[in-house]
Every structure is written in C-alpha cells, then in structure tokens.
Amino acid sequence: MKKENKQPAASENLKQLDLQQNKSDSADQMMTTDQGLKINDDNNSLKAGERGPSMLEDFILREKITHFDHERIPERIVHARGSAAHGYFQVYKSMEKYTKAGFLQDPSVKTPVFTRFSTVAGSRGSTDLARDIRGFSVKFYTEQGNYDLVGNNVPVFFIQDAIKFPDLIHAVKPEPNNEMPQAASAHDTFWDFISLMPETMHTIMWVMSDRAIPRSLRMMEGFGVHTFRFINTKNETHFVKFHWKPKLGTHAVVWDEAQKISGKNSDFHRQDLWEAIESGHFPEWELGVQIIPEADEHKFDFDLLDPTKLVPEETVPVTIIGKMVLNRNPDNFFAETEQVAFHPGHVVPGIDFTNDPLLQGRLFSYTDTQLSRLGSPNFHEIPINRTIAPMHNNQRDGHMRQEINVGRVSYHPNSLGGGCPFQAKIEEGGFTSFNERVDAQKVRDRSESFSDHFSQATLFFNSQTQIEKNHIIKALRFELGKVETVAIRTRMLGLLSQIDMTLADKVAKGLGLKVPTSHEKPVNHGVGADADKQKYEPKKVVQRVTYSAALSMLKNKTLSDTIATRQIAFLCADGVSAMAIDKMRVAIEKEGATIKIIAPHLGSIKSGEGKEIKVDQSLLIAASVLFDAVYIPDSKNAAFLDANPEAVDFINEAFKHCKVIGAGDASLLTNANIDTKLQKSINADKGIIISPTTGAENFAHSFINAIGQHRFWNREPELH
Ligand code: HDE
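Residues numbered from 1 in each chain as written. Predicted model: local features only at pLDDT ≥ 70, side-chain atom pairs only at ≥ 80, totals over all residues.

An unreviewed UniProt entry annotates the protein as Catalase originating from Flavobacterium omnivorum. Recorded in UniProt under Function (unreviewed entry), the annotation for the protein is "Decomposes hydrogen peroxide into water and oxygen; serves to protect cells from the toxic effects of hydrogen peroxide." Quoted verbatim from the Sequence similarities (unreviewed entry) field of the UniProt record, the comment on the protein reads "Belongs to the catalase family. HPII subfamily." (UniProt positions renumbered as here; feature names shortened; annotations may be inferred.)

Listed below in structure tokens is the structure:
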C-alpha cells in the first residue's frame, strides 16, 4: 500500500541542502567527456578503417575505459555489506541537565542524520540474512560538527581489548587458504578462536540467538555498546549507555528461513528498507539512554569499562529521549552509502569517551582505515561526510583536495593572517576533553574486574523463553556441526557448560559428544594463558540481576503487535472470489501492511465474478520465506493446489516457519499434499485462521491480530 507522505523536500533538511550542490542530473542534457566536450558518438571507437585497429588517439575511448578501470575502491575490512538512509533526529526534551550537546537541547530542532546498517563478516555482495551482528551507525550532522554513534544491534562485544580485534576478524572471515565460507561464522577458524577466548561467551549467546537474524533492519534494536560520558555546562559528568528502540518492535526470522531467503533474495533487508522508505512507511527508532552518576562507577557487579557487559535495564532503566526517522533513500549508493565514513571519535562538546580499552582502540582505527579505503586524508570533504558546521583549520593539500584555501597562512599561531582561524573558548563551543585524573604506571595488562566471562552469558540465556533457548541450542548445533575439528567442538562444550549445564548437554547431544567433565574442562587457553594462569583465570561474580525480560525478544514486546509494513501473500488462481480478496485487502491495507497477489502466472487472473485481477508475482518467483503471512481466499480454487506444487510448498513452509495462515475454507488446508501436522492442528492452532460462513469482518480482524503476534512458536517440535 502506498502511503501519501512521500520523502520530504530537500529544503527541510540542512544536510540535504548541502548535498544539493553536488547532485547532477543528466535529464535533457547532452553527453560530454569529463572535460565538458560534447560527444558525438558513444557507440564506436576511433579505428583505422572500419575493420582496422583502434587508435591510441581515441581520448574518448581511453577516458571512458580508464575511469571504468578505477571504479572500485577497497570494501570495508568489516561491515562491508550495508544499506543506508537519510533522516532526522529530534530530542523530546532538553537534556541540558546531563549534556551540553547542542543537538540534545531543543525539541523543535530536527538534526539531519545518515544511518547505515551492515553485516560484519560478509563481503559487499554477500547475503543480507547471514547469522551475524548488524552494524547500526548514525551520523548526526549537528551545528557543532558531526557526531557519529557507531553501534551494533547487540549491546556487547566479543573482546575486551582492541589488540584482539584483528585476531577476531581474521578468525571469522573466510579462511585464508580457500576463501570459504562467505558471510558465515560456522567454520573452524572462528570457533577455534572463540573456544580459546572465554571473554567472547556473552556476545556468542547473542549471536546464536535470533537477534542475529532480524526480520528487517527496521525491526532491530541498536546499542552504543561502550560506556560513554555526558558532560553538562557545569562540567559535571554522567556515564551513559545508548539504546535505539525500533517503533515496529524487535523481530527475527527462523534460521531455516534465513538460509532460504539468502537463496531467494540476498538483498532481502536492503530491499525491505528501500521499499519501506519509498512507500512513505518511514522507519523510526527512539533513542534511549541509561544514565549513571559518576559516583556510581564502582557499584556494579561488573566493570562499566568492560564492553562484554551490559547494564541490565532492571538496574538502570532506559530513559527515552528522542526519535530518529529515516525518510529519504540515498540518490547514489556509491557516493553516499559506500563513501560514508563513520568514526566513534567524531564527537561534539557534551559527549566524551571512557577508558574502555576497546573504544580506545577504535578511536585510532576508524580514521586510519579510511586512508586506504577512501584513499586520502581529505575524505571529510566527500559530500556525505562533509559537516554542515563551518570548517576552518590549517590542514592542507593531499590527494583530491577540493577546498581552495585562500591566503598565505596555514599555520598557528600566525600574525600574517590576523591569528585566524581562532581557537574557540569553551563558552564559544570549543571542545575540551573530560578532565579525568590519571595517575598510573604504564602496564600491558588487564584489570581483574574484567575477568568474569560467564555470569552475563548465563543472565542472557536464563532471560530467554524456552523457544528462544531452543533456537540458541539449535544455532550452536548448526555452527559447531559445521566445525570439522572435534577438539574445537569439545572445547566449546566445556565453555558452554560454564554458562548453563542444560545448554551444554543439549548442544552436546546434537553433536553426538559428551560435555567434558570438570577436570577435563578447558580453563583458560586464551588471554594471559601463557603468562600468569592464576591471574587471568575466569572468575564468576554473583550477579544481583539474574533475570532480565528486556533481553528476550519474545517477552520484551513493546509496540510489537502492529502489522504495519508486513508483507502478506494472497495465493490465488482463476475462479478466486474477488469479493474475498477485496474485503481482506481493505482490512490489511488499513493497518499499513502490503498484500501481493500470487498466481500460477503473471499478467492477470479472472475471478469467479468475472473480474480481472492483476497478478503481482508468479509462483515461480514468490516464496513463503519472503512473506510474513499467507492467505488463500476461497475453496473455489482448491483444484489449483493439486495443479501447483509450489502453492502447496508455500503453505507448508509458512506452517513450518510458524507463520499465520488464513484460508477461506478449511477444505483448502486438508488437501492431500498439505503437511499432515498442519491438517491435524487446523482447529487448535491459533495461527491458522479459517473464514466462518458468516462474519467476514471478524475473520479479517482475527487474521490481522494473529499476524500481529508474528509467529506461533508452539508449532515447533520439542527439542530433545
Ligand atoms: Fe568497528 N570498525 N571496530 N566496531 N564498526 C569498522 O571502520 C574496529 C567495533 C562498527 O557503516 C571499520 O570505516 C576496531 C565495536 C560499525 O561504515 C574499522 C574495533 C562496534 C562499523 C573498524 C571495532 C563496532 C564498523 C571498518 C575493536 C560496535 C561500520 C570500516 C577495537 C559498538 C561503519 C570502517 C559503517 C566499522 C574497527 C569494534 C561497530 C576497521 C579496531 C565494538 C557499525 O575501522
């Protein structure tokens, strides 16, 4: 369904106005060379005679081919596959009590943003539905300069110290001898590394959960991961953790479905984001913060500087402070989505860092990587990266410099340039780093407060529903099942047994192995293992919070029962009731969802009433995994199930993936080829909605309500 509100006019957004300067539209224009020379023939190269050799003189051919030869830049070393959109951020009320950040003061100000979502491990062309963490990067174009919140859809990270990042990424990327597997962690090198690094266990639980296979980029949370600082005008500081909460709720697909989507449409998430914005269903997130007074730094059961830990919402609630709306697709993927350069070190006055050793390493990495990826220290001049705040300094020259700095002076202090550009005082918005007292010896070491690697992994596992626990167990059986080295599998079982014994036992069962007994248990082969075993031995610290509903996607269902933007398949054939289609269509579109008519062939079908109905997709193209629910309008076209095995597969698969099935008549679902389990549960399953002979409105209502519940997990077989 097309919504009325289209992408807003560029004049409403300062960054859009800024980008206008660089936009180029060839409509009604003549073709030219890069030098502006009009081209008379773009189809034939210059040759010595019609059948003769091409001539070196052909500068038009050379320019075109040379440009083409150099079109590619290196992809990001991580987060290469991504999709992005423009929008704005608006704070709900002034945050001046905590921070002087300009964009967090005035609720009437809409700060332009550019937000990029990504997978981590895969290459640029890899599938969207890989089991992976998703990047969630937001560039705020504030009047005080760019602020980047470069987060993930998981609130914790695998490792505690930046020095291990290259090892982690080398382990997860395709193996270096044969470049396999693409965009997958299910292989020996990844699990070898993980099984030797107990600190990864908490994040591993998240990655094995359904958080790692989102239904949509629009239906996932975002987190800043590290603890940052807010600083107000009085120079008082609070620690802060950032959260993005999606308005559409947090939803996932199932793993079998994810793998099939990867085959059917590897752009599934990219397309979903693009189409939602094109049709005016602008995705929205609320920004939440957990604010912790400076004095409470040491009051937790873990170290606030440890990025493998989260602050349970039960201990420090999340306060919602504003919203982000993405309302415009990029015009050019390369110029915007590919060339955007995020950096956690892009901060504004009022926001500062902590000593989290992972964050500290990131502060170096993000500028450094752009030098090889974008090729020059002038990457800040690329339109998408350019600040909308005035920018003046004495940085000069370098590859592809765009700015023409006038005058003789490019140094400070100077008298020849009148001392310009001036340094800004604090009250003029000049940035000063938080005045933290540091009095320490130089050590290459790790704090003992970082050595509890299991308690929050256990907290996460215990906070899941049984269904979610089963999914984690199955994910581990899958991932470790793909690992060929048995010793790695066993070592992992040892680590899992320290999170939860049932978890370890069940994974072991699927692998046909036994959990190692305590004396065989691997203790610490990882960090510090060669140095001082005692010191680096993982410890368990009793956690005051042992259960957190916010960690479960199924329990934490805020705002998740809307069906807005869901995709509903209508399986139809000639003879279908146009009235049944129309009634259901009207009810569904009223809720903001989209329907697609799927039929044996493209073009149109003829309804029982003799009406032409336009077909959106043929059964050859459509697949259940690409939809949220399926509706088979009426029994008049029951014969089509016999004639079209794809339609039967569609229904069976929707059932297997616990989706809602609506049918005009029960007899449709008792067709001989329909899954016998489905047939048996027609009357008992709340996700199978059959039209009563009267009361069609109620039928549509029940169907829509059921879709709002997303999935009917009780269909899943028990896990033994
Ligand atoms: Fe990144 N990360 N990262 N990372 N990261 C990059 O920067 C790095 C980490 C994250 O859409 C790279 O421009 C190090 C945590 C996102 O363009 C690189 C460490 C979190 C993106 C880099 C981390 C992230 C990146 C690659 C450990 C969540 C995509 C290309 C010390 C809070 C940004 C680039 C985009 C990208 C380094 C850990 C999120 C190489 C060294 C923790 C969302 O600089």
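**Student:** Which residues make up the packing of helix H11 (residues 466–481) against helix H13 (residues 501–511), and what are the values?
**Tutor:** Running from N to C, H11 and H13 point in directions that differ by 45°, and their axes come no closer than 9 Å. Relative to H13, H11 is oriented oblique. The hand of the H11/H13 crossing is right-handed. Across from Ile473, Leu476, Arg477, Leu480 and Gly481 in H11, the residues of H13 making contact are Leu503, Lys506, Val507, Gly510 and Leu511. Split into classes, the residues belonging to the contact of H11 with H13 amount to six nonpolar, two polar and two charged. (Axes fitted to C-alpha atoms, helices over the stretch in contact; angles between N-to-C directions. Helix = DSSP H or I, 4+ residues; strand = E, 2+ residues; numbered from the N terminus. Parallel < 35°, antiparallel > 145°, perpendicular 65-115°, else oblique. Left-handed = near helix turned anticlockwise from the far one by under 90°. Contact = placed C-beta atoms within 7 Å. Nonpolar A, V, L, I, M, F, W, Y, C, P; charged D, E, K, R; others polar.)

**Student:** Now, about the nonpolar core: what can you tell me, with residues and values included?
**Tutor:** Formed by 162 residues in total, the largest nonpolar core has its most connected members in Phe570, Cys572 and Val630. Those residues in contact with Phe570 that lie beyond four places of it in its chain are Ile581, Ile595, Lys596, Ile597, Ile598, Tyr631 and Pro633. (Core = buried A, V, L, I, M, F, W, Y, C linked by C-beta atoms within 7 Å. Buried ≥ 20, exposed ≤ 12 C-beta atoms within 10 Å, placed from the backbone.)

**Student:** So what's going on with the UniProt feature "active site" (unreviewed entry) in the protein? Residues and values would help.
**Tutor:** With numbering aligned to this structure, UniProt lists the feature "active site" (unreviewed entry) at His79 and Asn152. Separation in sequence by 74 residues is not matched in space for these annotated residues, since their most distant C-alpha atoms are only 10.5 Å apart. Here His79 is to be found in the loop between helix H2 (59–69) and strand S1 (82–91). Ignoring sequence-local partners within four residues, the contact set of His79 consists of Ser118, Val120 and Gly135. Here Asn152 shows up in strand S4 (residues 145–152). In contact with Asn152, other than residues within four places in its own chain, are Ile133, Arg134, Gly135, Phe136, Phe223 and Val225.

**Student:** Lay out the sheet that holds strand S16 (residues 629–632) in plain terms, naming residues and giving numbers.
**Tutor:** As summarised here, the arrangement of the six strands in space is S15-S12-S11-S16-S17-S18, forming an open sheet in which the pairing is parallel. The open sheet has two edge strands, strand S15 (617–618) and strand S18 (688–690), and neither has a second partner. Bridge count between strand S12 (residues 594–599) and S15: two bridges; the pairing is parallel. Of the residues in S15, the one forming a bridge with Ala599 is Ser618. Packed on one face of the sheet, helix H15 (residues 578–590) meets strand S11 (567–571), S12 and S16 and runs near 150° to S12. (Pairing = 2+ DSSP bridges.)

**Student:** If you had to explain the site of the ligand to someone new, which residues and values would you point to?
**Tutor:** As a matter of local geometry, the ligand sits amid 25 residues, with Arg76, His79, Gly135, Ala162 and Val225 nearest to it. Elements represented by at least two residues in the shell around the ligand include exactly strand S2 (111–119), strand S3 (134–142), S4 and helix H9 (357–373). The element contributing the most residues to the shell around the ligand is H9, with six residues. When grouped by side-chain class, the residues that make up the shell around the ligand number twelve nonpolar, ten polar and three charged. (Near = placed C-beta within 6 Å.)

**Student:** Could you give an account of the domain arrangement of the protein, with specific residues and numbers?
**Tutor:** What the domain assignment lists for the protein is domain 1 (82–381), domain 2 (453–551) and domain 3 (567–715). Taken together, the contact between domain 1 and domain 3 spans nine residues of the former and six residues of the latter. Counted by class, the side of domain 1 that touches domain 3 contains two nonpolar, three polar and four charged residues. (Domains from an automatic or database assignment.)

**Student:** Please provide a residue-by-residue account of the pairing of strand S7 (residues 237–246), values included.
**Tutor:** Taking burial as the measure, the ten residues of S7 include eight buried ones, the bulk of the element. As paired elements, strand S5 (residues 222–223) and S7 share two bridges and run antiparallel to each other. Paired with Gly222 across the strands is Trp244, a residue of S7. Looking at chain direction, strand S6 (residues 228–231) and S7 are connected through four bridges and run antiparallel. Across the sheet, the residue bridging to Phe228 is Val240, located in S7. As consecutive antiparallel partners, S6 and S7 are separated by five residues, and within that stretch Asn235 has a phi angle of approximately 70°, a positive value.

**Student:** So what's going on with the UniProt feature "domain: Catalase core" (unreviewed entry) in the protein? Residues and values would help.
**Tutor:** The sites that UniProt annotates as "domain: Catalase core" (unreviewed entry) are residues 32–420. The straight-line gap between the two end C-alpha atoms of residues 32–420 is 41 Å; of that span, 20% is helix and 19% is strand.

**Student:** Give a detailed account of unusual backbone geometry, specifying residues and quantitative values.
**Tutor:** A cis geometry characterises the amide bond from Met180 onward to Pro181, with omega recorded as -10°. In this fold, Pro181 is placed in the loop between helix H3 (165–172) and helix H4 (188–195). Cis rather than trans, the peptide bond between Cys420 and Pro421 has omega equal to -10°. A positive phi angle, close to 70°, is found at Asn235, a residue other than glycine. Classification of Asn235 by C-beta neighbours within 10 Å gives exposed; the count is 11. Even without a glycine there, the phi angle at Thr565 is positive, about 70°. Taking the C-beta count within 10 Å as the criterion, Thr565 has 22 such neighbours and is therefore assigned buried.

**Student:** An account of helix H5 (residues 201–208) is requested, with residue identities and associated values reported.
**Tutor:** By the criterion of burial, H5 is predominantly enclosed, with eight of the eight residues buried. For H5, the complete set of buried residues consists of Met201, His202, Thr203, Ile204, Met205, Trp206, Val207 and Met208. Residues of H5 that are buried in the fold lie against H4, helix H10 (455–462), H11 and helix H12 (486–499).

**Student:** Tell me about the environment of Ile568, residues and numbers included.
**Tutor:** The topology assignment puts Ile568 in strand S11. In sequence terms Ile568 and Phe333 are 235 residues apart; their C-alpha atoms lie 29 Å from each other. Here Ile568 is in contact with Ile588, Ala593, Thr594, Ile595, Phe627, Asp628, Ala629 and Tyr631, once residues within four sequence places are set aside.

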